[in-house]
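Listed below are the residues making up each chain.
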Amino acid sequence: MSFLERFNQINWDELKMSIHSKTAADVQHALNSSRLTHDQFLALISPAAEPYLEAMAQKSMALTRQRFGNTLQLFIPLYLSNKCTNICTYCGFSLGNKIRRKTLKMEELDQEVAAIKKMGFDHILLVTGEAPGTVGVEYIKSVLERIRPHFSHISIEVQPLDQDDYETLMAEGLDAVLVYQETYNRSAYKEYHLRGSKMDFDYRLETADRLGKAGIDKIGVGALIGLEDWRTDSAMAAAHLDYLEKTYWRTRHSISFPRLRPCEGEFQPVSVISDRQLVQLICAYRLFKPEAELSLSTRESAKFRDNLLPLGITTMSAYSSTHPGGYADDNILGNEDLEQFSIDDNRRPEVVAKAIQEKGLEPVWKDWSPCFNH
């Protein structure tokens, strides 16, 4: 059974009701369990669990150190293009937004790579808008061919592709794919995605299955926090993660926690999650899936990220630019009219690395080398 088939058996409203019906006894039972069920995960993200945050944080920290040691991996996103053929009401790259559009040429790509390597990164995430005619498989393939000698691990966050397309890109050195459903609320999804290929909810949802069948090294999933009720979306994402771990057990899996940030279009979040609730959510995921990689981006403030470091996060971006060409010109904050969203943590990578070390952790600049996969 594919995840889409399982998903179609889940009722959003019933799931939401189940979360809010959890009691303190349910939370205590989850905290006393060595291996959590999905229903116990619901207890840990419920309002009833909020008074237990300290206990959750302590257990989350211990599990993280046990499974991942004292390391924390750093990566950097490289935005290749902000062209997009979709209209998504919450995104700065949306077709209807009046921003300057740019796609990196190969010479510009070389300049970006040189700037990134100078900062010490060996793990890169390639990001584009969803414009298959401009930044389709052939463009991404050309980029992979050009940068593969410079990085030990390459991830992409682009439009969903067919299985054979992923296999083509894997042959060129692709290691990981991040694909977020944005929201798992099917009816609301239609209201946010008004034009373009992203309107196809089912095709997007089945992307992780296509990646698993292709044999990709790592799959990243998640929901955009703020589009719909954050607890219910997170419960759906957790069910997705649980399915992927059990079905494609040779593949690594990660989950991210992107909160809506200011962008062109001024979309306002439907569901606001507080800092304390985000900590609760991250700890709940660590207790539910001790082996999963938990990633935090520069959407969050420097102070908040630093305080979260020991509690469960294993991967984080540093010194991010969300517009194409944001590193080589050494003016990362000077092209707001090209960016997807505003970042909050603007610290240089060496400052982020120092903050990690001050927490007693070791910043790691490269991912698992490909030679260890054979």
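From a predicted model like this one, the values you see are computed outputs, not experimental measurements.

Okay, the packing of aromatic side chains next. Within this structure, the stated rule accounts for 12 aromatic pairs. Note on Phe 7 and Phe 201: the rings are 5.4 Å apart at their centroids and 35 degrees apart in plane angle, and the pair reads as tilted. Of this pair, Phe 7 sits in helix α1 (residues 3-7) while Phe 201 sits in helix α11 (residues 201-205), and the two are 194 residues apart along the sequence. Phe 7 sits in the buried class, given a relative accessible area of 5%. Note on Phe 121 and Trp 365: the rings are 5.1 Å apart at their centroids and 75 degrees apart in plane angle, and the pair reads as edge-to-face. With Phe 121 in the loop between α6 (106-118) and β3 (123-128) and Trp 365 in the segment after β11 (362-364), the pair connects residues that are 244 residues apart, well separated along the chain. Looking at Trp 365, the relative accessible area reads 24%, which means it is partly exposed.

So, about empty space enclosed by the protein. Here the structure, examined in full by the defined rule, presents 4 cavities of 30 Å³ or more. Approximately 50 Å³ is the volume attributed to the second largest cavity. Around the second largest cavity, the lining residues are Ala 223, Ile 225, Asp 233, Ser 234, Ala 237, Ile 255, Ser 256, Phe 257, Leu 281 and Tyr 285. Taken together, the elements giving at least two residues each to the lining of the second largest cavity come down to α13 (230-247), β8 (252-256) and α14 (275-288). Considering every element that reaches the lining of the second largest cavity, the biggest residue donor is α13, with 3 residues. Classifying every residue of the lining of the second largest cavity by side-chain character gives 7 nonpolar, 2 polar and 1 charged.

Moving on: the packing of α6 against helix α8 (residues 137-147). Between α6 and α8, the least distance of the axes is 11 Å, while the angle of their chain directions is 45 degrees. Here α8 runs oblique to α6, going by the angle between their axes. The chirality of how α6 crosses α8 is right-handed. The segment α6 lies against α8, with Met 106, Leu 109, Asp 110 and Val 113 engaging Tyr 139, Ser 142, Val 143, Arg 146 and Ile 147.

Cut-offs and rules
- Residue numbers here run from 1 along each chain, matching the order of that chain's written sequence.
- Given that the model is predicted, a residue must reach a pLDDT of at least 70 before its local features are reported, and side-chain atom pairs must reach 80 or more before they are shown or counted; all residues, however, enter totals for whole chains, interfaces and linings.
- Heavy atoms from the whole structure form the basis of all side-chain values; hydrogens and water molecules are not counted.
- Pairing of aromatic side chains here covers Phe, Tyr and the six-membered ring of Trp, requires ring centres within 6.5 Å, and sorts the geometry by plane angle: under 30 degrees stacked, over 60 edge-to-face, intermediate tilted.
- Strands here mean DSSP runs of E at least two residues long; helices mean DSSP runs of H or I at least four residues long; both are numbered from the N terminus.
- Buried residues are those whose accessible area, probed at 1.4 Å on protein chains only, stays under 20% of the maximum for their type, while exposed residues exceed 50% and partly exposed ones sit between those limits.
- Cavities and pockets were defined on a 1 Å grid built over protein atoms only: a cavity is a set of grid points that admits a 1.4 Å probe from which the probe cannot escape, a pocket is an open set flanked by protein on both sides within 12 Å along at least five of seven lines, and lining residues are those with an atom within 4 Å of any such point.
- Grid points are joined across faces, edges and corners, and a volume is the space filled by probe spheres set on the points.
- Polar here means any residue outside two lists: the nonpolar Ala, Val, Leu, Ile, Met, Phe, Trp, Tyr, Cys and Pro, and the charged Asp, Glu, Lys and Arg; Gly therefore counts as polar.
- Simply put, an axis is a line fit to the C-alpha atoms, just over the touching stretch for a helix, and the angle between two N-to-C directions goes from 0 to 180 degrees.
- Oblique is the label for every angle not falling under 35 degrees (roughly parallel), over 145 degrees (roughly antiparallel), or within 65 to 115 degrees (roughly perpendicular).
- By definition, turning the near helix anticlockwise from the far helix through less than a right angle yields a left-handed crossing, and turning it clockwise yields a right-handed one.
- For this analysis, residues touch if any pair of their heavy atoms sits within 4.5 Å.

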